[in-house]
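One-letter residues, chain by chain:
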Amino acid sequence: MNRLPSPRDGLVIGAMSTLLAGVALALLIGPQRVAQREASELILALRLEPGGRIWLWNQPIAAEGLPALLQEASSRNQELRLRLMPAPQVSWADVQDLVSQLKPAGLPIELHLPSP
């Protein structure tokens with residue numbers, strides 16, 4: 001009692017395959033779009049880690065080179081903002097020291113404190 005597939009079965013299988021491919025594509029592209037959102041909003045995202053390590057867009061950067069980089073970036077685009085995200089283990093004194101180094105660049109600074 002083998003039944004031959006009907007044209008309707010082929011359409012259902014095709015629709016399900018297309019839907020599955022769409023979901024897979026969304027799972028691949030979604031996180032990339034979220035990661036690129038900061039760049040499209042003209043935000044330089046700095047992460048301050050324990051020990052004074054600084055990360056700019058998930059790339060380590062030397063603290064000495066940061067002021068020159070920020071001056072160059074602000075001269076290219078006046079709408080640029082700086083987002084500082086300290087790790088929970090970073091002391092408030094380290095955050096204040098970094099903010100004082102960043103102020104001469106003249107960029108607006110957003111401070112995103114970690115949740116308690």
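In this report, we go over the structure that sits alongside the text.

Quick notes on the rules
Residues numbered from 1 in each chain as written. Predicted model: local features only at pLDDT ≥ 70, side-chain atom pairs only at ≥ 80, totals over all residues. Heavy atoms only, no water. Buried < 20%, exposed > 50% of the residue type's maximum accessible area, 1.4 Å probe, protein only. Helix = DSSP H or I, 4+ residues; strand = E, 2+ residues; numbered from the N terminus. Pairing = 2+ DSSP bridges. Arc of directions from axis to C-beta.

### Some remarks on the pairing of strand β1 (residues 43-48)
- Burial within β1 is extensive, with five of its six residues counted as buried.
- One ladder, built from six bridges, connects β1 with strand β4 (residues 81-86); its direction is parallel. Counterpart to Ala45 in the pairing with β4 is Arg83.
- Where β1 and strand β2 (residues 54-56) come together, three bridges link them in antiparallel fashion. Within β2, the position partnered with Arg47 by the bridge is Trp55.
- In this antiparallel pair of consecutive strands, β1 and β2, the connection spans five residues, and Gly51 shows a positive phi of 85°.

### Structural notes on the pairing of β4
- For β4 and strand β5 (residues 109-111), the ladder comprises three bridges, and the chain directions are parallel. Its bridge partner being in β5, Leu82 is matched across the sheet by Ile109.

### Section: helix α2 (residues 66-76)
- Along α2, the residues classified as buried are Leu66, Leu70, Ala73 and Ser74. All buried residues of α2 project into a common sector of 95° when viewed along the axis, lining one side. For α2, the exposed residues lying more than 90 degrees away from the buried face are Ala68, Ser75 and Arg76.

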